[in-house]
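# Structural features, examined
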Amino acid sequence: MLPREEILKNVENRDTIARVIDCAEQAIRTWEVIFTDFLSPPELAEATSSFSRLTEVELLTWGGYPQAERKRIAIARSELPLDESQVELVALNIAGNFLFDTATHRDFLGAMLGTGIVREKTGDIIVLGERGAQVVVVPELADFLETSLTQVRSVPVKTQRIDFSELKIREPKKKELTTVEASLRLDAIASAGFGMSRSKMVDFINAGDVRVNWKEVKQASHQLKSGDLIAIRGKGRLEVGEIAVTKKERYRMQLTKFV
């Protein structure tokens, strides 16, 4: 049906993309909209890139709100219309008094996984400080978590469905900056944007901790362009904005750092 080996050629997340191909072939066969589990940003980027050349199917990603990181993919024949309302998701509120026992993203995720579910069935977790958290999940988990997720750390919690309009989305903090560099090399621009030495940035790149447009890049000399997104594990993200050439033939660029 689909050129599986061609799609899988040189992909980083081979198992994930293979499952997306399975969903796509099912969508072609049944004329239905088929959904994947939640995918991480690198998996989503690779899936959309791998399928961009195919005309048989359309892909739509959605995680419950525009800034969501983890999303499901809805896949259908190209003849069928797709929109975000078709992506099956449920939002849950995990309410408790965390004033004296602060819980982190990891604590909420750990409590959910401790009920026996798998990570692929859960989307973003929005931590609300002392009030608890909110989470997006696949619909088939909602009833189970409402009855099974009763404690996070030492705090009793009540888990119940909410409307997506009740999600307390916080806009990411942004810092705008301008830098002038002699080249468009990844190590040069990223070190300026993240405020660290170029040698330290090279260490991050060599360790495989740097991604450009969610794809791992291990070449410090990788050439960037306007619109590229640089992510470093544990350090946030950096978006390359407008690039202009100065009279001295250097590159002046606008950068946006997300923290």
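Structure's up top.
Owing to the predicted nature of the structure, the values given are computational and were not obtained by experimental measurement. Per chain, residues are indexed from 1 in the order of the written sequence. Local features in this predicted model are restricted to residues of pLDDT 70 or higher, and side-chain atom pairs are both shown and tallied only at a pLDDT of 80 or more, whereas totals for entire chains, interfaces and linings draw on every residue. To get the side-chain values, take all heavy atoms of the structure and skip hydrogens and water.

## Details of the sheet that holds strand β4 (residues 90-95)
In spatial order, the strands read β5-β6-β4-β9; together these four strands make up an open sheet with antiparallel pairing. Because the sheet does not close on itself, it has two edges, and the strands there are β5 (122-127) and β9 (158-162). The sheet shows a mean angle of 25 degrees between the axes of neighbouring strands, taken without regard to direction. Alignment of β5 against strand β6 (residues 132-137), held across four bridges, turns out to be antiparallel. Along β6, the bridge assignment pairs Thr 122 with Val 137. Paired strands are those between which DSSP finds at least two bridges. Numbering goes from the N terminus for both helices and strands, where a helix is a DSSP run of H or I of at least four residues and a strand is a run of E of at least two. Note on geometry: axes are lines fitted to C-alpha atoms, helical ones only across the stretch in contact, with angles between N-to-C directions running from 0 to 180 degrees.

## Re the sheet that holds strand β10 (residues 174-181)
Read across the open sheet, the six strands follow the order β10-β15-β14-β13-β11-β12; overall the sheet is antiparallel. Looking at which strands have only one partner, the edges of the open sheet turn out to be β10 and β12 (215-216). Pairing analysis gives eight bridges linking β10 to strand β15 (residues 251-258), with the strands arranged antiparallel. Note on β15: the bridge partner recorded for Lys 175 is Lys 257.

## Section: helix α7 (residues 198-206)
Along an α-helix, residues three or four apart share an orientation, since each turn contains 3.6 residues. Accessible area is worked out with a 1.4 Å probe on protein chains only. A residue is then buried under 20% of its type maximum, exposed over 50%, and partly exposed in between. If you check which residues of α7 are buried, you get Met 201, Phe 204 and Ile 205. The buried residues of α7 occupy an angular sector of 100 degrees when projected down its axis, which confines them to one face. At its buried positions, α7 is contacted by α6 (186-194), β11 (210-212) and β13 (229-232). One or two residues past the end of α7 sits Gly 208, with phi positive at roughly 80 degrees. The arc in question is the one traced by the directions running from the helix axis out to the C-beta atoms. Residue contacts are counted whenever heavy atoms from the two residues lie within 4.5 Å of one another.

## Thoughts on the pattern of salt bridges
Any Lys or Arg side-chain nitrogen found within 4 Å of a carboxyl oxygen on Asp or Glu counts as a salt bridge. Overall, the coordinates contain 17 salt bridges when judged by the stated rule. A salt bridge links Arg 237 to Glu 69, with the shortest nitrogen-to-oxygen separation between them at 2.1 Å. On the criterion of sequence distance, the pair formed by Arg 237 in strand β14 (residues 236-245) and Glu 69 in the loop between β2 (57-62) and β3 (72-77) is long-range, its members being 168 residues apart. Given the relative accessible area of 35%, Glu 69 is considered partly exposed. Several salt bridges converge on common partners, so that one network encompasses Arg 4, Asp 22 and Glu 25.

## Things to note about the side chain of Gln 134
Mapped onto the secondary structure, Gln 134 falls in strand β6. By relative accessible area, which is 1% here, Gln 134 ends up buried. At 3.2 Å, the side chain of Gln 134 and the backbone oxygen of Glu 166 are in polar contact. Apart from residues lying up to four places away in sequence, Gln 134 is in contact with Leu 92, Asn 93, Asp 124, Ile 125, Ile 126, Leu 128, Ile 162, Glu 166, Leu 167 and Lys 168. Pairing of N or O atoms within 3.5 Å defines a polar contact, subject to two protein rules: one partner must be a possible hydrogen donor and the other a possible acceptor, and residues neighboring in sequence count only if both atoms are side-chain atoms.

## Observations regarding the environment of Gly 123
With respect to the secondary-structure elements, Gly 123 resides in strand β5. Sequence separation of Gly 123 and Ala 24 is 99 residues, and the distance between their C-alpha atoms is 21 Å. If near-sequence neighbours (up to four positions away) are discounted, Gly 123 is found in contact with Phe 38, Arg 70 and Val 136.

## Let's talk about the pairing of β13
Because side chains alternate across β13, one face comprises the buried residues Leu 229 and Ala 231, and the other comprises Ile 230 and Ile 232, equally buried. Bridge count between β11 and β13: three bridges; the pairing is antiparallel. Looking at the pairing, Val 212 lines up with Ile 230 of β13. Pairing geometry for β13 and β14, over four bridges, is antiparallel. Bridging across to β14, Ile 230 finds its partner in Leu 238. The antiparallel hairpin formed by β13 and β14 contains three residues in its connecting segment, where Gly 234 sits at a positive phi of about 80 degrees.

## Focus: the packing of helix α2 (residues 14-30) against helix α3 (residues 41-51)
Axis separation between α2 and α3 bottoms out at 10 Å; the angle between their running directions is 50 degrees. As summarised for this structure, α2 and α3 are arranged oblique, according to the angle between their axes. Two packed elements cross with a definite hand, and for α2 against α3 that hand is right-handed. Touching Thr 16, Ile 17, Val 20, Ile 21 and Ala 24 of α2 are Glu 43, Glu 46, Ala 47, Ser 50 and Phe 51, all from α3. With respect to orientation, any angle under 35 degrees is reported as roughly parallel, any angle over 145 as roughly antiparallel, any angle of 65 to 115 as roughly perpendicular, and every other angle as oblique. Take the far helix as the reference: if the near one is turned anticlockwise from it by less than a right angle, the crossing is left-handed, and if turned clockwise, right-handed.

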